[in-house]
Amino acid sequence: MNKSGTDVAYYFFDFRDSSKQTVKNLIVSLLIQLSHNPVITPAAYRILKELYDKHRSGTDEAGLLGLQNVLLEVISLPLWKSTTILIDALDEMEGKMFQSFWEFIWHLHDKKFQYLHVLVTSHPQIPIAIRLKELCSRSLGVIAFDKR
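Criteria and cut-off values
Residues numbered from 1 in each chain as written. Predicted model: local features only at pLDDT ≥ 70, side-chain atom pairs only at ≥ 80, totals over all residues. Heavy atoms only, no water. Salt bridge = Lys/Arg side-chain N within 4 Å of Asp/Glu carboxyl O. Buried < 20%, exposed > 50% of the residue type's maximum accessible area, 1.4 Å probe, protein only. Core = buried A, V, L, I, M, F, W, Y, C linked by side-chain atoms within 4.5 Å. Helix = DSSP H or I, 4+ residues; strand = E, 2+ residues; numbered from the N terminus. Contact = heavy atoms within 4.5 Å. Phe/Tyr/Trp six-rings, centres within 6.5 Å; stacked < 30°, edge-to-face > 60°. Polar contact = N/O pair within 3.5 Å; in protein donor to acceptor, adjacent residues only side chain to side chain. Pairing = 2+ DSSP bridges. Right-handed = clockwise from strand over helix to strand, strands pointing away. Axes fitted to C-alpha atoms, helices over the stretch in contact; angles between N-to-C directions. Parallel < 35°, antiparallel > 145°, perpendicular 65-115°, else oblique. Left-handed = near helix turned anticlockwise from the far one by under 90°. Nonpolar A, V, L, I, M, F, W, Y, C, P; charged D, E, K, R; others polar.

Colleague: Describe the pattern of salt bridges, with residues and values.
Modeller: This model, assessed by the stated rule, comprises 4 salt bridges. Where Asp-14 meets Arg-16, a salt bridge forms, and the shortest distance between an N and an O atom there is 3.1 Å. Of the residues examined, Asp-14 reaches a relative accessible area of 10% and is grouped as buried. On the accessibility criterion, Arg-16 (65% relative accessible area) is exposed.

Next up, the structure:
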């Protein structure tokens, strides 16, 4: 993170910690990281405050879709020059979360942010990796690496 409007947010799906295997926690982590950029903080604060107020001052937990929409709103702020999201070890995500992750990635893709770059690492055999490759081959790029 720096003052130029360029930022990087990172998330690791950790098989040893079930709380780090959900799309909801991925989105919360990305929101926290991106909202700390000095260029974006005032506008992001307003967006996050609206979410907080909407959920009875934080006493009600925001749902996945609400958090996803807030993240998209933060990423949509016109202050970014470049934003990179790194999502590591996707294959360690809890299996039932794949559909939620797929929907999240589609929402990012549909917005066609010119300044947003998303890098996802995964073993290539899992179903979500195959679907991501299909999505990326249409408009983005996929680079397959062997661990060697």
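More follows now that the structure is in view.
Colleague: Which residues make up the nonpolar core, and what values do they have?
Modeller: The biggest cluster of nonpolar side chains holds 37 residues, and the ones touching the most others in it are Ile-75, Phe-101 and Phe-104. Elements supplying a minimum of two residues to this core: β1 (6-12), α1 (23-35), α2 (41-54), α3 (64-76), β2 (82-88) and α4 (98-111). If we skip the residues at most four places from it in the chain, Ile-75 touches Leu-34, Trp-80, Ile-85, Leu-108, Phe-113, Tyr-115 and Leu-116.

Colleague: Tell me about the packing of aromatic side chains, residues and numbers included.
Modeller: With the rule as written, the count across this model stands at 5 aromatic pairs. Between Trp-102 and Trp-106, the ring centres sit 6.0 Å apart and the planes meet at 85°, which makes this aromatic pair edge-to-face. Pair noted here: Trp-102 and Trp-106 are both in helix α4, with a separation of 4 residues, about one helical turn. Note on Trp-106: relative accessible area 23%, which makes it partly exposed. Among the aromatic residues, ring-to-ring pairing joins Tyr-11, Phe-13, Phe-101 and Phe-104 into one connected group.

Colleague: Help me get a handle on the side chain of Asp-14, residues and values and all.
Modeller: Here Asp-14 shows up in the loop between β1 and α1. A polar atom in the side chain of Asp-14 sits 2.9 Å from the backbone nitrogen of Arg-16. The residues contacting Asp-14, other than those within four sequence positions of it, are Lys-20, Gln-21 and Glu-92.

Colleague: Pulling in residues and values, what's your account of the pairing of strand β3 (residues 116-120)?
Modeller: Of the pairings in the sheet, the one linking β2 to β3 comprises 5 bridges and is parallel in character. Bridging from a neighbouring strand, Thr-84 pairs with His-117 of β3. The parallel pair β2 and β3, bridged by α4, forms a crossover whose chirality is right-handed.

Colleague: Lay out the packing of α2 against α3 in plain terms, naming residues and giving numbers.
Modeller: The N-to-C vectors of α2 and α3 enclose an angle of 165°; their axes lie 10 Å apart at closest approach. It follows that α2 is roughly antiparallel to α3 by the angle criterion. Considering the relative orientation of α2 and α3, their crossing is right-handed. Counted together, Ala-44, Arg-46, Ile-47, Leu-48 and Leu-51 of α2 and Leu-67, Val-70, Glu-73 and Val-74 of α3 form the full contact between these two elements. Looking at the contact of α2 with α3, its residues break down into 7 nonpolar, no polar and 2 charged.

Colleague: An account of the environment of Leu-116 is requested, with residue identities and associated values reported.
Modeller: Turning to its location among the elements, Leu-116 is positioned in strand β3. A C-alpha to C-alpha distance of 9.7 Å links Leu-116 and Ser-76, two positions 40 residues apart in sequence. Ignoring sequence-local partners within four residues, the contact set of Leu-116 consists of Ile-75, Thr-83, Ile-85 and Leu-108.

Colleague: Got a sec to walk through the packing of α3 against α4? Specific residues and values, please.
Modeller: Here α3 crosses α4 at 30°, and the two axes come no closer than 11 Å. Looking at the two axes, α3 sits roughly parallel to α4. Once α3 is placed against α4, the crossing between them reads as right-handed. Across the interface between the two elements, Leu-64, Gln-68, Leu-71, Leu-72 and Ile-75 of α3 pack against Ser-100, Glu-103, Phe-104, His-107, Leu-108 and Lys-111 of α4.

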